[in-house]
Structure formats: structure tokens, C-alpha cells
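Report on the structure
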Amino acid sequence: MSKTKENVQVTLNDKELLGMWARWVCFLNGFVNYERMQGVGFCHAISPAIKKLYGKKEDRVSAYQRHLTFFNTNGTTGSIILGITAAMEEQKANGAEVDGETINAVKVSLMGPLAGLGDSIFQATIFPILLSIGIGLGLQGNIVGPLLYTVLVLAISYPLDYWWFKKSYKEGRPLLTKLMATGLLNKVTEGASMVGLLAAGTLTARYINFQIKYEIPLAVGEPISIQADILDKIAPNILPLLLVIGCWTALRRKVSVGKLILGIFIVGILVGAFGII
């Protein structure tokens, strides 16, 4: 627990909240990398809250570490996560029974749904429509085209982004208090963790796909396909599953993401060159 004085509640003011939101919109995608995606940007955005809420250095370090993990969502609707996380950090700093695992579980559970919602509404609908208008004017030599597109995108996304952030922060505080008082917070954490695991499983089944092409020749009859006749009989898509489990095991043993990506590239190129997969 980190407080300036005994029984004194530490809260975030409007200036600090505005600073967090400004960092969110300006730097969320400025630190994207393959290991943590928007994780560094998220940590940078929430850093004013960490500095305000935690007086001890070890508490700040712990907070920075839990927010430097993998994070990836839509930049507009994702501000909801920033607001809720700030509210949870505030509750934790004021002595509530909220641990770092709970905070990360809520973040992970919201990343996918809000990314899907934001990408569908903004990236796939509103922005392409506005872009088509701007391109149409630009092709006619009208400088208003790109200017109109920029102004409309900012006028639509920024107010919604900020409103969602402030609303989620304000509504998050009483909601968390109620959850802790009724003992539902642990159930919410368990549910959030399950949603995160379901999302990981869905991504594995949808986007990871490779098969073994090699066949065992026979003296008589058709050759035996290792993939169709053996592996698929055991369990369809067993190879992608084993790959994910192997990567997960390597990460738990502190193997860096960069080394994993490089290893997958090298093995994939080698076995692909020989027509194995």
C-alpha cells in the first residue's frame, strides 16, 4: 500500500487524467514492437498515474513491470482499458485488495473485444469512407481533400477516445468498490483469465496453419500421407497446437521473443525449402 499519509486517499485529478490521455493518443503506437506490441506505449500513457499514486520506489517499479507486458488493441476504443486500469491502480494504491495479476487479467480480457469493436467501426467503416471522400477531392487537384480527411478523423475519434477514457475511469471506481465488497472481484478475475485463454486458442486455430507434405512411399498402393493419414487421424491441427505450446514453454523458461521469432523463421525456411511443409 502506498499513501502519502495514513488514511489519506490518493486520487487522480483532471490534469493528470488529461496527461495520460494525451500520451495515449500521441505515443501508443510509437513504441510498437513484435515482443510487446503496444505494451511500452501503454506503460508510458499510465506513467503519470503510477508517479502520483505510488510514493515508494519499489511500488513504482512493480507497477511499471506489470504494464510493460504484451498489450495490443484498437487505439480509439482501447482508451476504455486505460481508464479502467487507472481506476484499478488507484484502488490498489489506496489499500484495496487488488493485485497486479487481477489488473493484467482485466486488461487482457478487454484487449480483443475492444480491438474487434474499434477495428470494425473505425478502421473498416468510418475511416475508409472518409478516406474515399478525401481521395476523390485530391484526385481533382483539390487540397481540401487531405485536409478534410484529417480534420474529420480527428474530430470523430479524439472526442470519443477521451470521453470513453474519462467515463471508464469514473465508472470503474465505484464498480470496483462494489465488486470487492460483494466478493465478485475474484470471479471477475477468473472470468477475465478464461476469456484471454479462449482468445489465444481462437487465434491459434484461425491464423496458425501448416502441414507436412512428405509422404511415405509404398511398394504397392498409394503412398501414406503423414499429415492426412497419421496426424489428422490423431487430432486435426495438432502441429499448430504443438508449436504454440512449445513457444509458450520457451517463454516460461525466459527465452526471448526475438530468439523465438528468428528460430521459427530459420526452421520454416529450411523445412520449406526441402518441401517438408
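Residue indices follow the written sequence of each chain, beginning from 1 at its first position. For a predicted model such as this one, the threshold for reporting local features is a pLDDT of at least 70, and the threshold for listing and counting side-chain atom pairs is 80 or more; totals across whole chains, interfaces and linings nevertheless cover every residue. Side-chain figures throughout are based on the complete set of non-hydrogen atoms in the structure, without hydrogens or water.

1. Notes on the overall build of the protein
Regarding its fold elements, the protein presents 10 helices and two strands. Only DSSP runs of H or I reaching four residues or more are called helices, and only runs of E reaching two or more are called strands; each is numbered from the N terminus. Moving toward the C terminus, one meets the helices and strands of the protein in the order α-α-α-α-α-α-α-β-β-α-α-α. Between buried and exposed lies partly exposed: a residue is buried under 20% and exposed over 50% of the maximum accessible area for its type, with that area taken using a 1.4 Å probe on protein chains only. In the protein, which comprises 277 residues, the share counted as buried stands at 32%. By definition, residues are in contact when any of their heavy atoms lie within 4.5 Å. The contacts of the protein with a sequence gap of at least 6 include a subset with a gap of at least 24, amounting to 68%. Areas reported as accessible are Shrake-Rupley estimates using a 1.4 Å probe. Residue values count occlusion only from the protein chains shown. Of the roughly 16,700 Å² that the protein leaves accessible, carbon and sulfur atoms contribute 65%.

2. Topic: the pattern of salt bridges
Counted as salt bridges are all cases of a side-chain nitrogen of Lys or Arg within 4 Å of a carboxyl oxygen of Asp or Glu. All told, the structure shown has four salt bridges when counted by the stated rule. Salt-bridge contacts for Lys52 lead to Glu16; the nearest nitrogen and oxygen are separated by 3.1 Å. Taken as a pair, Lys52 in helix α2 (residues 39–53) and Glu16 in helix α1 (residues 14–27) lie far apart in primary sequence, 36 residues in all. The partly exposed category is assigned to Lys52, whose relative accessible area is 31%.

3. Quick look at the confidence of the model for the protein
pLDDT expresses how confident the predictor is about each individual residue, on a scale running from 0 to 100. Per-residue confidence for the protein gives a mean pLDDT of 82, with 86% of residues at or over 70. Between residues 1–5, whose pLDDT stays under 50, and residues either more than four places distant or in other chains, the model counts 18 contacts.

4. Considerations on the nonpolar core
Nine residue types can take part in a nonpolar core, namely buried Ala, Val, Leu, Ile, Met, Phe, Trp, Tyr and Cys, and a core is a set of them joined through side-chain atoms within 4.5 Å. In this structure, Leu12, Met20, Trp24, Phe42, Ile46, Leu53 and Leu82 are the most contacted members of the largest nonpolar core, which totals 25 residues. Elements with a minimum of two residues in this core: α1, α2, α4 (79–93), α5 (100–139) and α6 (144–182). At six residues, α2 tops the list of elements feeding residues into this core. Ignoring anything within four residues of it in the chain, the contact list for Phe42 reads Trp24, Leu28, His67, Phe71, Ile81, Leu82, Thr85 and Lys107.

5. Observations concerning a nonpolar patch on the surface
On the surface, Ile129, Ile133, Ile143, Val144, Leu147 and Leu148 cluster together into a nonpolar patch covering about 530 Å² of accessible area. Of all the secondary-structure elements, those providing two or more residues to the nonpolar patch are α5 and α6. For Leu147, the location among the structural elements is in helix α6. What makes Leu147 exposed here is its relative accessible area of 52%. Within the patch definition used here, like charges are joined within 9 Å and nonpolar side chains (Val, Leu, Ile, Met, Phe, Trp, Tyr) within 5 Å, considering only residues with over 30% relative accessible area and no salt bridge.

6. Details of unusual backbone geometry
Unusually for a residue other than glycine, Met37 sits at a positive phi of about 55°. Along the chain, Met37 turns up in the loop between α1 and α2.

7. Some remarks on the packing of helix α9 (residues 238–252) against helix α10 (residues 257–273)
An axis is simply a line fitted to the C-alpha atoms; with a helix, the fit covers only the stretch in contact. Between two such axes, the angle follows the N-to-C directions and lies from 0 to 180 degrees. Closest axis-to-axis distance for the α9/α10 pair is 10 Å, and the angle between their directions is 145°. Every pair of crossing elements has a handedness; the one defined by α9 and α10 is right-handed. Of α10, the residues touching α9 (which contributes Leu243, Cys247, Ala250 and Leu251) are Val257, Leu260 and Ile264. Three classes are used: nonpolar for Ala, Val, Leu, Ile, Met, Phe, Trp, Tyr, Cys and Pro, charged for Asp, Glu, Lys and Arg, and polar for all others, with Gly counted as polar. Taken together, the residues of the contact of α9 with α10 break down into seven nonpolar, no polar and no charged. Crossings are sorted by hand: turned counterclockwise from the far helix by less than a right angle, the near helix makes the crossing left-handed, and turned clockwise it makes it right-handed.

8. What about the packing of aromatic side chains?
Note on aromatic contacts: the rings of Phe and Tyr and the six-membered ring of Trp form a pair at centre separations within 6.5 Å, being stacked when their planes are under 30 degrees apart, edge-to-face when over 60 apart, and tilted otherwise. Under the counting rule described, the total for this entry stands at nine aromatic pairs. On the basis of an interplanar angle of 70° and a centroid distance of 6.3 Å, the ring pair of Trp24 and Phe71 is categorised as edge-to-face. With Trp24 in helix α1 and Phe71 in the loop between α3 (57–66) and α4, this residue pair connects regions lying 47 residues apart in the sequence. Side by side, Trp24 and Phe71 carry an identical accessibility label, which is buried. Seen in terms of ring centroids, Phe42 and Phe71 are 4.6 Å apart; in terms of plane orientation they differ by 45°. Their pairing is tilted. Here Phe71 lies in the loop between α3 and α4 and Phe42 lies in helix α2, a separation of 29 residues in the sequence. On the accessibility criterion, Phe42 (0% relative accessible area) is buried. Exposure remark for Phe71: the relative accessible area of 0% places this residue in the buried category. Following the ring pairs from residue to residue traces out a cluster consisting of Trp21, Tyr158, Tyr162 and Phe165.

9. Overview of the environment of Thr85
Assignment of secondary structure puts Thr85 in helix α4. Once the C-alpha coordinates of Thr85 and Ser168 are considered, the two residues, 83 residues apart in sequence, prove to be 9.0 Å apart. Contacts of Thr85, omitting those with residues within four sequence positions, involve Phe42, Ile46, His67, Ile103 and Lys107.

10. Some points on the environment of Asp232
Looking at where Asp232 falls in the secondary structure, it is placed in helix α8 (residues 226–234). Sequence spacing of Asp232 and Gln211 is 21 residues, and the spatial spacing of their C-alpha atoms is 9.8 Å. Ignoring anything within four residues of it in the chain, the contact list for Asp232 reads Gln227 and Asn237.

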